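Breakdown of the fold
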Amino acid sequence: SLLEGFSIYMCGGWKKTSSKTKDVLLLLKEGGATLLTSPNAVIKSLKTGAENDQSTLVLLCDGAINSSCSTFPKNLKESIETVLTQKETSQAILIVNASWIFDCISCAKVLGAKHYKPEGTLIKSLWDKCGNYS
């Protein structure tokens, strides 16, 4: 599957009843991704991913300018920054806006984060630190 080995956290103001959210959830499920449903699950994934060097974490932001992607928990931000500064880990972290998943499915390949900069000051600062390979 296209997204096998990817752990995805949908951060921001995703509305459970919106058609966009339902479409994204279906694409993630059909693509074989592991859906992380809380900041604590993301932190746990970061810890196990850093140990295994084999997972890719994707923070999939909803795209809203006033999104809670800009205010997610401090401990999550710190955990992501810790992984990003560890040179010895090959764990990848992608921080992207919602268009990323639709484009990946359309192109039938996993795309980099370069053209999918999310909204929100905090998440943009993390996006800048990720390297944004294409």
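This text gives an overview of the structure that appears in the document. (Residues numbered from 1 in each chain as written. Predicted model: local features only at pLDDT ≥ 70, side-chain atom pairs only at ≥ 80, totals over all residues. Heavy atoms only, no water.)

**Regarding the sheet that holds strand β4 (residues 92-97)**
For clarity, the cut-off: Note on pairing: two strands pair once DSSP finds at least 2 bridges between them. Put simply, DSSP marks the helices as runs of H or I at least four residues long and the strands as runs of E at least two long, and each gets a number from the N terminus on. Axis geometry follows a simple rule: fit a line to the C-alpha atoms, using only the stretch in contact for helices, then measure angles between N-to-C directions, giving values from 0 to 180 degrees.
Taken together, the 4 strands give an open sheet; going across it, the order is β2-β1-β3-β4, and neighbouring strands pair in parallel fashion. Taken across any chain shown, the strands that pair with only one partner, and hence form the sheet edges, are β2 (34-36) and β4. For this sheet, the mean inter-axis angle between neighbouring strands, taken without regard to orientation, is 25°. Looking at chain direction, strand β3 (residues 56-61) and β4 are connected through 6 bridges and run parallel.

**Here's the deal with helix α4 (residues 99-107)**
Stated formally: Exposure classes here rest on a 1.4 Å probe applied to the protein chains alone. A residue is buried below 20% of its type maximum, exposed above 50%, and partly exposed in between. For this quantity, the arc is that covered by the directions from the helix axis to the C-beta atoms. Should any heavy atoms of two residues lie within 4.5 Å, those residues are counted as being in contact.
Those residues of α4 lying buried are Trp100, Ile101 and Cys104. When α4 is viewed along its axis, its buried side chains cluster within an angular range of 95° and face the same direction. For α4, the elements touching its buried residues are β1 (6-11), α1 (19-31), β3 and β4. Count one or two residues on from α4 and you reach alanine 108, which has phi positive near 60°.

**Structural notes on α1**
Threshold: Each residue after the first adds 1.5 Å to the expected span of a helix.
Taking 1.5 Å per residue as the helical rise, α1 with its 13 residues ought to reach 18 Å, and the 18 Å between its terminal C-alpha atoms agrees with that figure. Residues of α1 that are buried: Thr21, Val24, Leu28 and Gly31. Take α1 and look down its axis: the buried residues cluster within an arc of 105°, on one side only. Those residues of α1 that are exposed and aimed more than 90 degrees away from the buried face are Ser19, Lys29 and Glu30. Buried positions along α1 lie against β1, β2, β3 and α4.

**Here we look at the environment of lysine 114**
Inspection of the secondary structure puts lysine 114 in the loop between α4 and α5 (121-129). Look at lysine 114 and you get partly exposed, because its relative accessible area is 47%. Taking the C-alpha atoms as reference, lysine 114 lies 9.4 Å from leucine 94; in sequence the two are 20 residues apart.

**Observations concerning the pairing of β3**
Of all 6 residues in β3, 6 are buried; the element is thus mostly enclosed. Burial of the side chains of β3 extends over both faces: Thr56, Val58 and Leu60 are buried on one face and Leu57, Leu59 and Cys61 on the other. Alignment of β1 against β3, held across 6 bridges, turns out to be parallel. Paired with methionine 10 across the bridge in β3 is leucine 60.

**A look at unusual backbone geometry**
Not every positive phi belongs to a glycine, and alanine 108 is a case in point at roughly 60°. Note on placement: alanine 108 falls in the loop between α4 and α5.

**Overview of the packing of α1 against α4**
Short version of the rule: With respect to orientation, any angle under 35 degrees is reported as roughly parallel, any angle over 145 as roughly antiparallel, any angle of 65 to 115 as roughly perpendicular, and every other angle as oblique. Crossing chirality is assigned from the near helix's rotation relative to the far helix, an anticlockwise turn below a right angle marking it left-handed and a clockwise turn marking it right-handed. The classification used treats Ala, Val, Leu, Ile, Met, Phe, Trp, Tyr, Cys and Pro as nonpolar, Asp, Glu, Lys and Arg as charged, and all other residues, Gly among them, as polar.
The interhelical angle for the contact between α1 and α4, taken along N-to-C directions, is 45°, at an axis separation of 10 Å. Taken together, the axis directions place α1 and α4 in an arrangement best described as oblique. Like other packed secondary-structure pairs, α1 and α4 cross with a definite hand, here left-handed. Residue-level inspection shows Asp23, Val24, Leu27 and Leu28 of α1 in contact with α4, the latter providing Ile101, Phe102 and Ile105. Residue composition of the contact of α1 with α4, grouped by class: 6 nonpolar, no polar and 1 charged.

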